[in-house]
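# Descriptive analysis of the structure
The lines below spell out each chain.
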Amino acid sequence: MMEIVVVTSILLVCAIPMVHLLTRTGRLQERSSRSTYAHLIARRVFETALGLSRQGLQAIPTHDGFLCAVDNKERGTSPYFQSFGPSLSGVSSAEFPLLVKALSHYRFRFVLKPVTGQETNLSLRNAVLEIHWDPVEGKGPRKMVLQTILSSVPII
Amino acid sequence: MEVLIGLSFLAVLISMAYALMSQSGKTSRGKMDRVSSLGAARRVTGFLNQYLKVSSKVLHPSEGQPRGSSYCLLKGEDGTLSQLYFSEAGDFMIRGFSEGNKSPKMLVRSPNKRIGVRNPLWFLRPGGVLEFYIAYKENTGNEENIVEIFDSYALSR
């Protein structure tokens, strides 16, 4: 009888780190997923801005306030996500049910600033994108700041 | 005592089998499918980015197709044509149209047989920005989407 109690106790003690490991893996996967969607948002904003820069830097939409990627009456929706998908009507739950859920954690702002030392050069701007997101269970990274130089003339 | 120990092991085995077949087991499989689908989708966007870098023009879709296309036709810098598309099995493929390079080549295999591709779409937006959208779905049961992903590429001037 004593042996069974000892073996059961050992099994239980061994099971604790296993359970902890499995739950932690789930959290890590979710954090990785949040980071992936943050990069996809960044790529969409930067690549669209790069495409529009051919028409002049004034054609690039910017917003100093933090706007959302999905419909949000309180904060507002970023112009970079107002025409999305085949219907060009934004990220809707009818067309993109999972994207609405995934992107609802994010808000971002996108501004064009003068390039240091080139303040008077209107054809050159530093594009700064700041993305904030809800961390998983209150932990992990929660923001990302990316920047690139945009020009209305091709940079070789 | 031996009978007791044997029964205990049997009970543990039955409970493990039940855990695998239960809702929580299915949830775990769903999570694994989600992770592998997300990985496959990221590899697809990586290949797409790589091929767009060495392309001089996107022939299909065009800006006149706002509803997008299920495939993308690229013209390489050397004049060769390449079609990027998804096969019925959900594999991401490329087919060349140059001499001696006509057979399709698989770039990214579908994560597994339980997972399929739903509605891959390419759009060419004003300003020369190619947008891509894809959803991986369950092949069995309710066919719900597992992962939805998008990407954008500004084409070279």
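Look above for the structure.
Reference entry: report on the structure contained in this document.

Looking now at the overall build of chain B. Helix and strand counts for chain B come out as two helices and eight strands. From first element to last, N terminus to C terminus, chain B shows the α and β order α-α-β-β-β-β-β-β-β-β. For chain B, whose C-alpha radius of gyration is 22 Å, the value lies well above the compact-globule estimate of 15 Å for 157 residues. With the C-alpha coordinates aligned to their principal axes, the bounding extent of chain B is approximately 80 × 35 × 25 Å. For chain B, the residues scored as buried account for 43% of the 157 residues in total. Partitioning the contacts of chain B with sequence separation of at least 6, the portion at a separation of at least 24 is 41%. Entry remark: accessible area of chain B is about 8900 Å², with carbon and sulfur atoms responsible for 58%. Positive and negative side-chain charges in chain B, numbering 20 and 14 respectively, have mean positions lying 2 Å apart.

Let us now look at unusual backbone geometry. In this structure, B:Pro61 follows B:His60 across a cis peptide bond, with omega equal to 5°. Among the secondary structure elements, B:Pro61 is positioned in the loop between strand 1 (55-60) and strand 2 (72-76). Backbone geometry places A:Leu88, a non-glycine residue, at a positive phi of 55°. Since its relative accessible area comes to 38%, A:Leu88 is described here as partly exposed.

Here the focus is the nonpolar core. A:Tyr37, A:Phe81 and A:Leu103 are the most contacted members of the largest nonpolar core, which totals 62 residues. It is helix 1 (residues 2-52) of chain A that contributes the most residues to this core, nine residues altogether. In this view, A:Tyr37 contacts A:Leu99, A:Ala102, A:Leu103, A:Tyr106, B:Leu38, B:Val147, B:Glu148 and B:Phe150; residues no more than four positions away in its chain are not counted.

Right, let's talk about the environment of A:Ser104 for a bit. All names here are of chain A. Within the fold, Ser104 resides in the loop between helix 2 (97-103) and strand 2 (106-114). On the basis of relative accessible area, Ser104 is assigned to the partly exposed category, the value being 39%. Put simply, Ser104 and Ser35 are 69 residues apart on the chain and 14 Å apart in space, counted from C-alpha to C-alpha. Dropping the residues within four chain positions of it, Ser104 is found in contact with Val70 and Asp134. A distance of 2.7 Å separates a polar atom in the side chain of Ser104 from the backbone oxygen of Lys101.

Let us look at the sheet that holds strand 4 (residues 92-96) of chain B. All names here are of chain B. Spatially, 1-2-3-4-5 is the arrangement adopted by the five strands of the open sheet, whose pairing is antiparallel. Of all the strands in the sheet, just strand 1 and strand 5 (105-108) have a single pairing partner and so form its edges. Taking each pair of neighbouring strands and ignoring which way they run, the sheet shows an average axis angle of 30°. Pairing of strand 2 with strand 3 (residues 81-86) involves four bridges; the strand directions are antiparallel. Residue pairing across strands places Lys75 opposite Leu81, the latter belonging to strand 3.

The rules behind each value
- Residues numbered from 1 in each chain as written.
- Chains lettered and ligands numbered in written order.
- Predicted model: local features only at pLDDT ≥ 70, side-chain atom pairs only at ≥ 80, totals over all residues.
- Heavy atoms only, no water.
- Helix = DSSP H or I, 4+ residues; strand = E, 2+ residues; numbered from the N terminus.
- Rg over C-alpha atoms; globule rule 2.2 N^0.38 Å.
- Buried < 20%, exposed > 50% of the residue type's maximum accessible area, 1.4 Å probe, protein only.
- Contact = heavy atoms within 4.5 Å.
- Areas by Shrake-Rupley, 256 points an atom, 1.4 Å probe, with all protein chains shown as cover.
- Lys, Arg positive; Asp, Glu negative; His and termini not counted.
- Charge placed at Lys NZ, Arg CZ, Asp CG, Glu CD.
- Core = buried A, V, L, I, M, F, W, Y, C linked by side-chain atoms within 4.5 Å.
- Polar contact = N/O pair within 3.5 Å; in protein donor to acceptor, adjacent residues only side chain to side chain.
- Pairing = 2+ DSSP bridges.
- Axes fitted to C-alpha atoms, helices over the stretch in contact; angles between N-to-C directions.

Nothing here speaks to function; it is geometry throughout.
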